[in-house]
There are 2 protein chains.
Amino acid sequence: MSLIVQKYGGTSVGSIERIQAVASRVKQATDQGHSLVVVVSAMSGETDRLLGLAKAVQAVPAPRELDVLLSTGEQVTIALLSMALEASGCPARSYTGAQVHMLTDSAHNKARIRDIDAARVRADLDAGRVVVVAGFQGVDEQGNITTLGRGGSDTSAVAMAAALKADECQIYTDVDGVYTTDPRIEPNARKLERITFEEMLEMASLGSKVLQIRAVEFAGKYRVPLRVLSSFEEGAGTLITFEDDTVEDAQIAGIAFARDEAKLTILGVPDQPGIAHRILGPISEANIEVDMIVQNVAPDQRSTDFTFTVHRNDYDRAMAILRETCTGLNAREVLGDPAIVKISLVGVGMRSHAGIASRMFEALAVEGINIRMISTSEIKISVVVDEKYLELGVRALHKAFGLDEPSVTPA
Amino acid sequence: MSLIVQKYGGTSVGSIERIQAVASRVKQATDQGHSLVVVVSAMSGETDRLLGLAKAVQAVPAPRELDVLLSTGEQVTIALLSMALEASGCPARSYTGAQVHMLTDSAHNKARIRDIDAARVRADLDAGRVVVVAGFQGVDEQGNITTLGRGGSDTSAVAMAAALKADECQIYTDVDGVYTTDPRIEPNARKLERITFEEMLEMASLGSKVLQIRAVEFAGKYRVPLRVLSSFEEGAGTLITFEDDTVEDAQIAGIAFARDEAKLTILGVPDQPGIAHRILGPISEANIEVDMIVQNVAPDQRSTDFTFTVHRNDYDRAMAILRETCTGLNAREVLGDPAIVKISLVGVGMRSHAGIASRMFEALAVEGINIRMISTSEIKISVVVDEKYLELGVRALHKAFGLDEPSVTPA
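Residues numbered from 1 in each chain as written. Chains lettered and ligands numbered in written order. Predicted model: local features only at pLDDT ≥ 70, side-chain atom pairs only at ≥ 80, totals over all residues. Heavy atoms only, no water.

1. Quick look at the sheet that holds strand S6 (residues 130-134) of chain A
All names here are of chain A. Judged by pairing direction, the sheet is mixed, and its 8 strands sit side by side in the order S3-S6-S2-S1-S9-S11-S12-S10 without closing on themselves. The two strands at the open ends of the sheet, each matched to only one other strand, are strand S3 (92-95) and strand S10 (194-196). Across the sheet, the mean angle separating the axes of adjacent strands is 20° when strand polarity is ignored. Sheet analysis places S3 next to S6, joined by 4 bridges and oriented parallel. Its bridge partner lying in S6, Arg93 is registered against Val131. Along the sheet face, helix H1 (residues 16-31) touches strand S1 (3-8), strand S2 (35-40), S6, strand S9 (168-173) and strand S11 (226-230) and points at about 170° away from the line of S1. (Pairing = 2+ DSSP bridges. Helix = DSSP H or I, 4+ residues; strand = E, 2+ residues; numbered from the N terminus. Axes fitted to C-alpha atoms, helices over the stretch in contact; angles between N-to-C directions. Contact = heavy atoms within 4.5 Å.)

Structural data, given as structure tokens:
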């Protein structure tokens, strides 16, 4: 007898048949006595179709009007899913973002949720209805329709779960959970039964695109238990928990990686206060996102070497800016490499376990993989290596840390 | 410097190109200094597409959810038209039915407008923006999305014009105005520059499907000057005016007709109070709409003959019911004819001009057309004739009343 928020993405509601499949999955949960709120995305392909119409009319569509247009995508889904539920004898009622008072700021196309008035939803649940809510969309204080940006439906679901103090927020996707690493690279990758929020955040930000990172942050902030599971297969998926809930002794949750990185280095920079800002200021002004940053004393002990990574698409622009900075700072030289990748070991266990880093470096050394850059945080160690070593590096680490063997006792 | 409400139907916004054509027509009006509110329908075909999706999910779609679904059609159009206006340098803002507070009752799929809060629209107009409003849709007091039923966009436009006290409400269609009769039957049919509301109501209810009849009633009630014109051609269209505005001496505005009528007669009914109800009660209980009703004393002076018309589709059912009634009432006989049509002369002028009826009957007699039934109202004379005489009768009357010659001095 729990209150569950379920979220289904575009692929899960991509056709009439799939919407009907979602309806029977929802009905199954209500038959078990649960109260259900279902958050849905637009049918797959619909958002792109609408975007195409918009661009045919206006090269850069007016942001306010684009939101009016795109929000019809989820509105179609909520109506059809509610009909499918009613057709299967399951009373249901749909709500747009505006109707459910999903209050956001006024940043069209990338709005952020501020508040939800869940009173109407609660009344429907009390009356025994399934509530079907349009994800991805909200309304600002003036009543304008807003959207949260791509993937925002995850955040809508978590926000609903937080507002309703739901027992669990279930995100249905086309994968059946969170894996120790990408199974396309390491066939022995293992599905995790649990992962902590902090680990999930690191995994997500490093390219394991299972959940939208803002949704994970939101769930962590409001302590919403989150579960990732497949809408096409049965299974319990992966539960994202708060650290104190876990009773595991695993040191490492998984291995994340980011392709398409590029590395830039400026050598022999005068070692003065404010130098990092003088180097990175022009880069960020050009809207280039910087990921890893490493600064080392240069061999001459009086100047410094400064290295950072950017997305490969930004490499040429970043290099041009850095060359100008080099001249301005009277630095020695600028170097770059657009063919590197980042591999990261993620796990809350490394806080309390020593020697993780040296085991990682050893495992890479055994395979002859040269480490070009290192950066660490509380629950993550990232290394930059040549692009060609990506697969080999991921597999070597997966084996070295025993990730193919279950380390959590099944509940 | 007028405030104008323009309404464009589905064909007028049926493609990106047509939406852009509407945008330039709107911009032209704003360039002339007018303030514009534009009410639009769904792009042609879209409502049927959505209806198809609904029926694939639920044989009889839940009315509330059907409205959520169908209302996305106009929402797409308002966004695209607003973008097209912005792209042409014309500031614009879109509103859904809910956003413009088009308050209706809760009769989903056929809601009626109760009130509009035009404050936000006025603020936008004052700020120099074109306001683009979704037709056909509203919101009930609980915030549920409603729709007005097919053709409801005309009513939305008139309601907006009434709420804003607009100078004119212009309904753009695929015809260039209201004609004296159907040009497909009488090639000399002439476009009217003006027609009164009462005449328009009679013309519309008799099958001249230019305007939705509820929209005309609404406009008459709130005294909104209404104009019908073409979105594909230039021209002033037809203005629908209040009688006192007109300075014409025309007796007849036009000739309307209704095909597919059927006639039923019950002969020798005892002439008692309540007899009409005993005959028509069972018919209306079967949801059959009755049009003309004529009752005459029978030749024996002690009983009565009773005749009425129904739509041809209802003929067989009505006949079966009437046979039962005949037995119950001990009436003499039941007769029927499923191959008749109704031709009507419409014009406020017949109030003050005598001899219209006899001129009408004479014109038909000259052509050898036998009149089977006659019914009159203040501004209309209708006759029922055999189906085969439809075209001949319309042409004869068109000529007899000189409708091919302009009778109003152009303004």
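Read on, since the account is not over.
2. Observations regarding the packing of aromatic side chains
Describing an aromatic ring pair means giving the distance of the ring centres and the angle of the ring planes. Under the definition given, this model contains 8 aromatic pairs over all chains. Pairing A:Phe218 with A:Tyr222 gives two aromatic rings, centres 5.1 Å apart and planes at 40°, and the pair type is tilted. Measuring from ring centre to ring centre gives 6.4 Å for B:Phe306 and B:Phe308, while their planes differ by 65°; the resulting arrangement is edge-to-face. With respect to class, B:Phe306 is no different from B:Phe308; both count as buried. A:Arg64 extends its terminal NZ or CZ atom over the ring of B:Tyr95, reaching a point 5.5 Å from the ring centre. (Phe/Tyr/Trp six-rings, centres within 6.5 Å; stacked < 30°, edge-to-face > 60°. Buried < 20%, exposed > 50% of the residue type's maximum accessible area, 1.4 Å probe, protein only. Lys NZ or Arg CZ within 6 Å of the ring centre and 35° of its normal.)

3. Focus on the relation of the copies chain A and chain B
At an RMSD of 0.3 Å, chain A and chain B line up after a rotation of 179° and a shift of 0.2 Å along the axis. A rotation of that kind, with that shift, is consistent with a two-fold axis. Considering only C-alpha atoms, the residue of chain A closest to the rotation axis is A:Thr72, which sits at 2.8 Å. Most of the interface of chain A is mirrored in chain B: 100% of its interface residues are interface residues there too. (Least-squares fit on C-alpha atoms with pLDDT ≥ 70 in both.)

4. What to know about the interface of chain A and chain B
Listed as interface residues are 40 residues of chain A and, on the opposing side, 40 residues of chain B. When chain A packs against chain B, the two sides together hide about 3100 Å² of surface, and 62% of this comes from carbon and sulfur. Interface area lost by chain A to chain B is led by A:Val57, A:Glu65 and A:Met83, which between them contribute 21%. Run the count over chain A and chain B and you get 0 salt bridges. On the surface where chain A and chain B come into contact, there are 14 residue pairs in polar contact (both at pLDDT 80 or more). At the level of elements, H1, helix H2 (46-57), helix H3 (63-87) and S3 of chain A are the ones that each hand at least two residues to the side of chain A that touches chain B. Ranked by residue count, the leading element in the side of chain A that touches chain B is H3(A), at 17 residues. (Buried area = accessible area lost by both parts, 1.4 Å probe. Salt bridge = Lys/Arg side-chain N within 4 Å of Asp/Glu carboxyl O. Polar contact = N/O pair within 3.5 Å; in protein donor to acceptor, adjacent residues only side chain to side chain.)

5. Details of the sheet that holds strand S17 (residues 373-377) of chain B
All names here are of chain B. What the 6 strands build is an open sheet, ordered S14-S15-S13-S16-S18-S17; its pairing is antiparallel. Each end of this open sheet is capped by a strand with a single partner; those strands are strand S14 (290-297) and S17. The mean inter-strand angle of the sheet, taken between neighbouring strand axes irrespective of direction, is 30°. The pairing of strand S13 (residues 254-270) with strand S15 (residues 303-311) spans 8 bridges and is classified as antiparallel.

6. Thoughts on unusual backbone geometry
Outside of glycine, negative phi angles account for most residues, and trans bonds account for most peptide bonds. The phi dihedral of A:Arg223 falls on the positive side, at around 50°, and the residue is not glycine. Summarising the element assignment, A:Arg223 is placed in the loop between helix H7 (213-221) and S11. In this model, B:Asp260 sits at a positive phi of 55°, which is unusual for a non-glycine residue. In this structure, B:Asp260 sits in strand S13.

7. Describing the domain arrangement of chain A
When the domains of chain A are assigned, the result is domain 1 (3-174) and domain 2 (255-400). A C-alpha centroid distance of 40 Å is found between domain 1 of chain A and domain 2 of chain A. (Domains from an automatic or database assignment.)

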